[in-house]
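Structural overview for review
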Amino acid sequence: MAEPELVDVVVVGLGVGGEEVAERLAEAGLSVVGVERDLVGGECPYWGCIPSKMMIRAANALAEARRVDGLAGTAQVQPDWAPVAKRIREEATDTWDDTVAAERFIGKGGRLVRGSGRLDGPRRVRVGDQVFEARYGVVLGTGTRPSVPPIDGLADTPYWTNHQAIEVEELPESLLVLGGGAIGLELAQVFARFGVRVTVVEALDRVLAIEEPEASEVAAAALRADGVEIHTGVRAERVEHDGTRFTLRGGGAEFTADRLLVVTGRKAHLTELGLDTIGLDANQRYLPVDDRLHVTDHVWAVGDLTGEGAFTHIAMYQAGIVIADILATARQAKAGADASGTSSVVGGAMGASSSLAASGSSGSAGTVPRADYRALPRVTFTDPEIGAVGLTEQQARERGINVQVGFTKLGSSTRGWIHRVGDDGFIKLVADADQGVLIGATSVGPAGGEVLSALVVAVHAAVPLSQLRHMIYAYPTFHRAIESALGDLS
Ligand SMILES: Cc1cc2nc3c(=O)[nH]c(=O)nc-3n(C[C@H](O)[C@H](O)[C@H](O)COP(=O)(O)OP(=O)(O)OC[C@H]3O[C@@H](n4cnc5c(N)ncnc54)[C@H](O)[C@@H]3O)c2cc1C
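All figures in this text were calculated on a predicted structure; none of them were measured in a lab.

**What to know about the layout of surface pockets**
The volume enclosed by the second largest pocket comes to roughly 230 Å³. Surrounding the second largest pocket, 14 residues form its lining, R67, R193, A222, A225 and D226 being those nearest its centre. Broken down by secondary-structure element, the contributors of at least two residues to the lining of the second largest pocket are α3 (49-66), α7 (182-193) and α8 (213-225). It is α8 that provides the largest number of residues to the lining of the second largest pocket, a total of 3 residues. Residue classes in the lining of the second largest pocket are distributed as 6 nonpolar, 2 polar and 6 charged.

Below you can see the structure in the form of structure tokens.
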């Protein structure tokens, strides 16, 4: 067997999180091997956030044009999917080609190894016949894949996941969406606004079930207004495809459509990662990490894989912590080696001393930031947008917190009233009455995701309610509704 090749760090999976770690460590002068089996950049740029938000931008433009009537004259709207598909192909994904991202990583000094990586004992990663040994450690950023439920018949049908939905060039006439979570609702609304007859089937008793019930109601009403049929509390039992159309049966009902999109959650595939070779259990849904993203000694994990929230901003946030931690470790090793006159121990770091010292994100081991998810923001980019941070009212009550709730409808704010059509939304605040701070908030409206930022600061920094009540909110903004919701806290 070939001798393992010694490098500083191996990053397995170059999605949002892994790519950030690999690039920044390479830039700092460490010798970094990045292993990727598909496209450098992962799900977000090719089949996730970016193309889906391009679709949403286009669909919202149609919706706004349809709102001209009664506000500013009349408008005739003729939807056309071709420019959307072209933009996704040419601007977002380079026709699903990662050359630019791969060259960027290599240009920063990284070494890209194409293939599937798996652990092969402590600090070792195998990719086909190649084995790498990582001086400082291995970072896993292998993400998740769609979790497809074991519904009778489903596996034998040509159902869509988010990949086919994003890659679609010609829209079907009708679409069944199995799953009423954030991704399902975003895509359902887009396709409906382009004229597809969309039916959403959700097993739970409301769509967007992880958010506040009021948010679910607004989202469902908005989609219904766009012509989407929504069926909640329906557990799919059987799926058939007759060569042309899908039939889905469940809850005594039957639904048919040209296409079926399955968006029922995502799953990490831990059994492929060789975790057993370092004594870890692969039979878990996610890979648990501590607050410095350590899985175990010399192994870190970032992104969806950790189960801390399937968002690009979580992957990036975690990546920042891992980068600081590894650079601190490398600096300590270098200092130790310099002191003992054996500086070649970090020879792989290519004379890293100057780069490591200059790297702004690094700190000593004592100052590496710790992950804190109290103020985790999440936005469902339906129209209206549904932004949320921290705990929902129910989550707070389940934790035994002395909860106060404040609520205001956007339509009763000056800006909401001016906005008129499309002003559905609200602000809901969840406060810890004993601490006098917000611990959660939901912001729904035309700019719900943007308004959320003020609430994220309030939760993150535990800004006292007394201060929030006595600051100045610009008139007439949507975010001024926060002041009204604060006034309603009881
Ligand atoms: C339709 C959709 C819309 C979304 N919209 C948003 C949004 O608006 N905002 C937001 O914050 N998030 C959004 N997300 C979520 C976001 O895409 C993910 O949170 C993010 O991509 C996670 O990054 P990651 O680095 O954990 O993993 P991924 O992006 O999944 O990347 C993992 C990479 O690892 C590679 N890999 C896996 N196993 C191996 C192996 N053994 N060896 C080598 N390589 C391997 C994969 O090929 C992949 O490239 C959306 C997701 C979807 C599906």
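**A word on the packing of aromatic side chains**
Tallied over the full model, the rule gives 5 aromatic pairs. For the ring pair Y46 and W47, a centre distance of 5.9 Å and an interplane angle of 50° mean the geometry is tilted. The class for Y46 is buried, based on a relative accessible area of 6%. Centre to centre, the rings of W81 and F191 are 5.6 Å apart; their planes meet at 45°, and the pair counts as tilted. Here the residue W81 occupies a position in the loop between α3 and α4 (82-92), and F191 occupies one in helix α7, the gap between them amounting to 110 residues. Each member of the pair, W81 as well as F191, is classed as buried. These aromatic residues form a ring-pair network of at least three members: W81, F191 and F194.

**Quick look at the packing of helix α1 (residues 16-27) against helix α9 (residues 312-339)**
Look at α1 against α9: their axes get within 8 Å of each other, and the N-to-C directions meet at 30°. In terms of orientation, α1 lies roughly parallel with respect to α9. Crossing of α1 against α9: the hand is right-handed. Between α1, through V16, G17, E20, V21, R24 and L25, and α9, the contact on the second element is made entirely by T312, A315, M316, A319, V322, I323, I326 and L327. By residue class, the composition of the contact of α1 with α9 is 10 nonpolar, 2 polar and 2 charged.

**Topic: the UniProt feature "domain: Pyridine nucleotide-disulphide oxidoreductase dimerisation" (unreviewed entry) in the protein chain**
The residues that UniProt annotates with the feature "domain: Pyridine nucleotide-disulphide oxidoreductase dimerisation" (unreviewed entry) are residues 377-485. With 32% helix and 30% strand, residues 377-485 has its two end C-alpha atoms placed 19 Å apart.

Parameters and conventions
- Residues numbered from 1 in each chain as written.
- Predicted model: local features only at pLDDT ≥ 70, side-chain atom pairs only at ≥ 80, totals over all residues.
- Heavy atoms only, no water.
- 1 Å grid on protein atoms, 1.4 Å probe; cavity = no way out; pocket = protein on both sides within 12 Å on 5 of 7 lines; lining within 4 Å.
- Points joined across faces, edges and corners; volume = space filled by probe spheres on them.
- Helix = DSSP H or I, 4+ residues; strand = E, 2+ residues; numbered from the N terminus.
- Nonpolar A, V, L, I, M, F, W, Y, C, P; charged D, E, K, R; others polar.
- Phe/Tyr/Trp six-rings, centres within 6.5 Å; stacked < 30°, edge-to-face > 60°.
- Buried < 20%, exposed > 50% of the residue type's maximum accessible area, 1.4 Å probe, protein only.
- Axes fitted to C-alpha atoms, helices over the stretch in contact; angles between N-to-C directions.
- Parallel < 35°, antiparallel > 145°, perpendicular 65-115°, else oblique.
- Left-handed = near helix turned anticlockwise from the far one by under 90°.
- Contact = heavy atoms within 4.5 Å.
- UniProt positions renumbered as here; feature names shortened; annotations may be inferred.

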